[in-house]
Amino acid sequence: MQRKSKQNQQLNNNKNQQELSFDALLQNFVNSDDFTQFTVKKNKAVLCIGYYESLVDSEMVHRDVLPFLKTYKVISSLSSEIPIEDIIITSDPAIIQINVSRGYLIIFDTNNIDVVALVNVKLEKGREVSLPEVEFSVIGPKESFVESLDMNINLIRKRLPTSLLKTKEIIVGSLSQTRISVLFIEGIANQENVNTIVQRISDLKIDQIHDSSTVTQLIQDNQHSPFPQIIDTERPDRIAAVLGEGKVAILVDGAPHGLIAPTTIFEFFSAFEDYYLNWAVASFFRIIRFFAVLFSIMITPLYVAVITYHYELIPKDLISTLVISRSAIPLPPILEALILELTIELLREAGARLPTKVGQTIGIVGGIVIGTASVEAGLTSNVLLIFVALAALASFTTPVYQMGNTIRLIRFPYLLMAHYIGLIGVAISFCFLLIHLLRLSSIGRPFLEPIFPPRVQDLKDAIIRLPISFQDKRPIALQSENTRRFSKKKAIKTNDPKKN
């Protein structure tokens with residue numbers, strides 16, 4: 001009921017909500033073919049009942065509402081007579097419009113239409129909690145978010161059973177009226193971060209919110225950067241963990257993903273499965289991912305630069321192999337590389353848009369057939385084909401899908417600069433990329449932290465992950481109100497059998 005009162009208060013303050021008289025509002029409802037309206041006579045009163053057939057549970061209407069109207073006296077007494085907890089007594093057309101459109105049943109006395117009762121009889125239909133598809137892990141929980149906001153909050157609250165976990169609900173979208181919840185732990189999260197996110201979401205003036213990705217694009221610091229500055233995750237265990245660090249989470253009704261902010265670039269290369277593995281194994285996998293990303297970006301541009309301008313850098317034993325592989329190719333290295341890169345992108349898009357089994361077949365068979373045919377036709381060299389295939393494979397190691405798309409995109413500017421001015425072009429591209437990353441921020445926090453600004457303490461969970469007993473303090477960049485997570489000495493003592 002407290003959440004409903006906050007929602008009603010916010011609806012009253014929504015400047016975009018179109019003010020309608022009750023008669024005009026009721027006429028809007030009736031004009032829709034799926035809106036049902038009928039009257040029930042009770043003594044001298046005539047009760048009018050209406051609802052959208054497509055949104056309400058008709059069984060609840062006949063079982064929990066209609067039989068209890070026999071004792072009707074006044075509209076304000078229905079909240080104690082009908083055995084449903086969520087009943088709103090109001091006269092505000094804005095509140096009536098949004099709640100009836102969400103599955104509430106409206107009851108009013110035709111002799112007194114100053115006040116109406118809204119009864120929650122929504123038909124709850126949705127996907128059940130299932131396995132994560134994008135962030136699947138062998139070790140750890142196997143639950144993922146669904147499209148229901150209430151269910152997603154439930155998945156988080158059962159992992160954080162504390163009254164300090166707070167939610168702030170905001171209604172966004174003049175047409176969609178989308179519910180957005182901002183989650184944080186009071187006493188840990190920096191209130192400035194919370195206020196910044198709440199303000200940015202509240203200031204959104206838009207007609208529809210389709211998904212959490214729409215919110216990401218609208219509230220991130222730099223909307224023109226190809227780099228995502230807010231993490232999108234489908235794992236409730238990941239959001240529960242970062243809330244404990246002092247971060248803020250955003251959940252959008254209808255979106256099977258949650259958002260995490262503020263964040264750093266290193267978190268995009270950290271799979272949450274790393275925290276379920278031994279620290280040495282997890283650190284090894286993280287280093288492999290960083291190497292894979294650099295390899296994916298640099299290998300094709302370096303090939304084009306070296307073949308075009310810098311033959312002297314090629315070892316003598318390798319020159320003959322490269323000369324033979326390119327002897328029958330009439331195209332310059334840049335066109336050769338672009339043909340293969342674009343072919344890989346086409347195969348990726350085709351595989352993503354087709355059904356799962358067909359997409360896998362297209363990806364494997366298409367890659368083998370097209371790659372072999374292009375080499376035999378003399379359009380590309382077999383050496384470059386190997387490099388492009390390895391680069392494509394390396395790009396798939398990125399745990400966060402949005403960052404993987406960014407890696408695919410920034411490879412092409414490197415290719416063009418390598419074609420025009422060789423290795424100097426690659427170096428210039430890298431400098432521009434570094435400058436851009438240095439200027440990026442996530443909800444006002446440095447995006448390259450802990451490298452810039454340098455913070456040694458936060459390096460314990462950046463490029464490598466130290467043992468959990470070393471993670472006794474929360475990241476400095478978050479400026480949490482409570483910086484200490486646990487006592488390091490007690491954690492080490494508990495795990496040391498010699499000291500027990």
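Above this text you will find the structure in question.
Residues numbered from 1 in each chain as written. Predicted model: local features only at pLDDT ≥ 70, side-chain atom pairs only at ≥ 80, totals over all residues. Heavy atoms only, no water.

Chemist: Please set out the pairing of strand β5 (residues 112-120) residue by residue, giving values where relevant.
Modeler: With four bridges connecting them, strand β3 (residues 87-90) and β5 associate as antiparallel partners. Bridging across to β5, I87 finds its partner in V119. Pairing between strand β4 (residues 104-109) and β5: six bridges, direction antiparallel. Paired with I107 across the strands is A117, a residue of β5. Between the antiparallel neighbours β4 and β5 lie two residues. (Pairing = 2+ DSSP bridges. Helix = DSSP H or I, 4+ residues; strand = E, 2+ residues; numbered from the N terminus.)

Chemist: Outline helix α8 (residues 212-219), supporting the account with residue identities and numerical values.
Modeler: Working note: α-helix, 3.6 residues per turn, so residues spaced by three or four point in the same direction. Burial in α8 covers these residues: S212, T214, V215, T216 and I219. Where α8 is buried, its residues contact β7 (178-185), α7 (191-202), β8 (231-233), β9 (248-252) and β10 (258-261). Capping of α8 at its N-terminal end is provided by D211; its side-chain oxygen lies 3.2 Å from the backbone amide nitrogen of S213. (Buried < 20%, exposed > 50% of the residue type's maximum accessible area, 1.4 Å probe, protein only. Contact = heavy atoms within 4.5 Å. Polar contact = N/O pair within 3.5 Å; in protein donor to acceptor, adjacent residues only side chain to side chain.)

Chemist: Mind laying out the environment of R157, listing which residues take part and the relevant values?
Modeler: Inspection of the secondary structure assignment puts R157 in helix α6 (residues 149-157). The exposure class of R157 is partly exposed, given its relative accessible area of 34%. Considering only alpha carbons, one finds R157 and I219, 62 residues apart in sequence, at a separation of 25 Å. Those residues in contact with R157 that lie beyond four places of it in its chain are T162, L165 and T167.

Chemist: How would you sum up the sheet that holds β7? Please name residues and give values.
Modeler: Taken in spatial order, the five strands line up as β6-β7-β9-β10-β8 in an open sheet, and their pairing is antiparallel. Two strands in the sheet have a free side with no partner beyond their single neighbour: β6 (165-172) and β8. Within this sheet the neighbouring strands show an average axis-to-axis angle of 25 degrees, counted without direction. As paired strands, β6 and β7 are joined by eight bridges and run antiparallel to one another. If you follow E169 over to β7, its bridge partner there is S181. On top of the sheet, α7 reaches β6, β7, β9 and β10; it is set at about 175 degrees to β7, its chief contact. (Axes fitted to C-alpha atoms, helices over the stretch in contact; angles between N-to-C directions.)

Chemist: How would you sum up the packing of aromatic side chains? Please name residues and give values.
Modeler: Under the definition given, this model contains 12 aromatic pairs. A centroid spacing of 5.6 Å and a plane angle of 85 degrees characterise the contact between F272 and Y276, whose relative ring orientation is edge-to-face. A relative accessible area of 12% places F272 in the buried class. Residue Y276 is classed as partly exposed on the basis of its relative accessible area of 30%. The interplanar angle of 50 degrees and the centroid separation of 5.9 Å between the aromatic rings of F284 and F285 together place this pair among those described as tilted. These aromatic residues form a ring-pair network of at least three members: F29, F35 and Y52. Directly above the ring of F396 sits R348, whose terminal nitrogen or CZ lies 4.6 Å from the centroid. (Phe/Tyr/Trp six-rings, centres within 6.5 Å; stacked < 30°, edge-to-face > 60°. Lys NZ or Arg CZ within 6 Å of the ring centre and 35° of its normal.)

Chemist: Tell me about the packing of helix α10 (residues 279-309) against helix α14 (residues 382-395), and name the residues and values.
Modeler: In contact at an axis separation of 8 Å, α10 and α14 are set at 155 degrees when each is read in the N-to-C sense. Considering the angle they form, α10 stands roughly antiparallel to α14. Note on packing geometry: the crossing formed by α10 with α14 is left-handed. Contacts from A292, F295, S296, I299, T300 and Y303 in α10 reach V383, L384, F387, V388, L390, A391, A394 and S395 in α14. (Parallel < 35°, antiparallel > 145°, perpendicular 65-115°, else oblique. Left-handed = near helix turned anticlockwise from the far one by under 90°.)

Chemist: Requested: an account of the side chain of H310, with residues and values cited.
Modeler: Positionally, H310 belongs in the loop between α10 and α11 (316-326). Assessed through its relative accessible area of 17%, H310 is described here as buried. If we ignore the near neighbours within four places in the chain, the residues touching H310 are A305, G422 and L423.

Chemist: Tell me about the pattern of salt bridges, residues and numbers included.
Modeler: Pairing is possible between side chains of opposite charge, provided their charged atoms come close. Summed over all chains, the structure comprises 23 salt bridges. Between E341 and R411 there is a salt bridge whose closest N-O contact spans 3.1 Å. Taken together, the positions of E341 in helix α12 (residues 333-353) and R411 in helix α15 (residues 401-439) put the pair 70 residues apart, joining distant regions of the chain. The shortest N-O distance in the salt bridge between R408 and E349 comes to 3.6 Å. Here the residue R408 occupies a position in helix α15, and E349 occupies one in helix α12, the gap between them amounting to 59 residues. Assessed through its relative accessible area of 14%, R408 is described here as buried. Assessed through its relative accessible area of 34%, E349 is described here as partly exposed. (Salt bridge = Lys/Arg side-chain N within 4 Å of Asp/Glu carboxyl O.)

Taken by themselves, the reported measurements are silent on function.
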